[in-house]
Amino acid sequence: MLPLAWLGKAQAQSTKNSPDKPARQAGTKAKKKNTQAKPPSAAQRQRLARKTAATVGVPLTENPEVSLWAQDAATRLQLDPAWVQQTLALAQRLPVVEKLVLPPASPVAKDWGAYRARFIEPVRIQAGQRFWRQHQATLARAERKYGVPAAIIVGIIGVETLYGQNTGNFRVVDALGTLAFHFPLAHPRAADRQAFFRSELEQFLLLTSRSGADPLAIRGSYAGALGLPQFMPSSWAKFAVDFDGDGRIDLFGSPADAIGSVANYFKAFQWRTGMPTHYPVTLTPGQTDMDTLMAPDILPTFSVPSFVAKGAALEGAALNHSGPLALIELRNGPNAPSYVAGTENFYVITRYNWSSYYAMAVIELAEAVGREMNKP
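All values reported here derive from a predicted model rather than from experimental measurement.

Right, let's talk about the overall build of the protein chain for a bit. When its secondary structure is counted, the protein chain shows 18 helices and 9 strands. Taken across its 376 residues, the protein chain has 52% of its residues classed as buried. Sequence separation of at least 24 residues holds for 75% of the intrachain contacts in the protein chain that already meet a minimum separation of 6. For the protein chain, the accessible area works out to roughly 17400 Å², and carbon and sulfur atoms hold 51% of it.

In structure tokens:
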């Protein structure tokens, strides 16, 4: 296990938001609020996610289950029991995090155009171009080693954190602790998600213990994702690599490590070098078996002959595609949906975030930055 490194400014920031007495007093006041309030709207979720929430919680250990879990986890993970208990004793339960993981109270119609506009826009494209030029040799090396296009790596880091500009303001131990022990019961998959976050909290404690990093100093997303590529702790443990060769893994301060780790992640999920992510598709109303084509969702299932036989017309290179395809639907609010034929590589991108909209945003940002790179 290579040692980890963490972004210095993140550690410095944590000192001004440490769970000192004033923060505990503020947290006590927050405790009286109704934590079962309605889930926030999409706009409210965006505003909440931008907050630095370390001072609005209450001690996590007010829940007696936390101390019992800490004893068990320390034994299972072979960690110092006193260190685990002390870490969790200083962690905070954050009601804002509980709100953020709930589906919107009033879901709006999915709109690919609106979603796309958040990511395929001049600021992000220009930042992507700068990132690519600055790290061109590293991106080329990652492409050679892992077979993942530089453009896709650039697309991922751009969508996730705007090339490191937005890596998250939540203390990770607070975010994971909140979701591990207070995941909102109103969520349709509450039991599964809470188990997932308990596992991620374990992985976070393991990572910080092995590296000697301060678990109270690490900041990330409200879901506990870390660094430029927003890896969850388990993904850091499994897929992060020391791509700059300095003997440690640093997804916060080393763009090279982030680049190599994203490429390694995609390779682990069977990225196929040279395969397109999707093809254009034409559907004829009344002549397309939509129910059958949409049933597998984003999972590539249909051979080209089967796909075409069900009324999804392909042309050109798509007709010679050798792998399975999926019909990908992108809804456009009140307007007609858009469709593409997704390949196994499209599906691989959704292993990073289980959303066809996310995958297409990554692809189109990659293409947009690539076009800028190719201009004279």
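That covers the picture; the talk isn't over yet.
With that settled, consider the nonpolar core. If you look at the biggest cluster of nonpolar residues, it comprises 97 residues, and the most contacted ones within it are Leu88, Ile153, Ile157, Tyr163, Phe266 and Ile349. Here the element with the most residues in this core is helix 18 (residues 356-374); it accounts for 12 residues. If we ignore the near neighbours within four places in the chain, the residues touching Leu88 are Leu60, Thr61, Val66, Trp69, Ala70, Val173 and Leu201. One finds Val304, Leu314, Leu325 and Ala341 within the second-largest nonpolar core, a separate group that totals 12 residues.

Before going further, it helps to spend a moment on the pairing of strand 9 (residues 335-342). Pairing between strand 5 (residues 278-280) and strand 9: 3 bridges, direction antiparallel. The partner of His278 across the bridge, within strand 9, is Gly342. Bridge count between strand 8 (residues 326-332) and strand 9: 6 bridges; the pairing is antiparallel. Counterpart to Leu327 in the pairing with strand 9 is Ala341. Connecting the antiparallel pair strand 8 and strand 9 is a turn made up of 2 residues, with Gly333 showing a positive phi of about 60°.

As a further point, take the sheet that holds strand 5. Spatial ordering of the open sheet is given by 5-9-8, a layout of 3 strands whose pairing is antiparallel. Of all strands in the sheet, those bounded by a partner on one side alone are strand 5 and strand 8. Put simply, the sheet's adjacent strands are angled 40° from each other on average, direction ignored. Those strands touched by helix 18 are strand 5, strand 8 and strand 9, and its axis lies near 90° from that of strand 8.

Once that is clear, we can look at the environment of Gly253. Counting through the fold element by element, Gly253 comes out in the loop between helix 13 (233-239) and helix 14 (255-268). The exposure class of Gly253 is partly exposed, given its relative accessible area of 43%. Between the C-alpha atoms of Gly253 and Gly227, which are 26 residues apart in sequence, the distance is 8.0 Å.

Tallying each qualifying case throughout the model produces 11 salt bridges. With its nearest N and O atoms 3.3 Å apart, the salt bridge here joins Asp246 to Arg248. Given a relative accessible area of 38%, Arg248 falls into the partly exposed group. Among the charged side chains, a salt-bridge network with shared partners connects Asp72, Arg76 and Glu202.

Cut-offs used in this document
- Residues numbered from 1 in each chain as written.
- Predicted model: local features only at pLDDT ≥ 70, side-chain atom pairs only at ≥ 80, totals over all residues.
- Heavy atoms only, no water.
- Helix = DSSP H or I, 4+ residues; strand = E, 2+ residues; numbered from the N terminus.
- Buried < 20%, exposed > 50% of the residue type's maximum accessible area, 1.4 Å probe, protein only.
- Contact = heavy atoms within 4.5 Å.
- Areas by Shrake-Rupley, 256 points an atom, 1.4 Å probe, with all protein chains shown as cover.
- Core = buried A, V, L, I, M, F, W, Y, C linked by side-chain atoms within 4.5 Å.
- Pairing = 2+ DSSP bridges.
- Axes fitted to C-alpha atoms, helices over the stretch in contact; angles between N-to-C directions.
- Salt bridge = Lys/Arg side-chain N within 4 Å of Asp/Glu carboxyl O.

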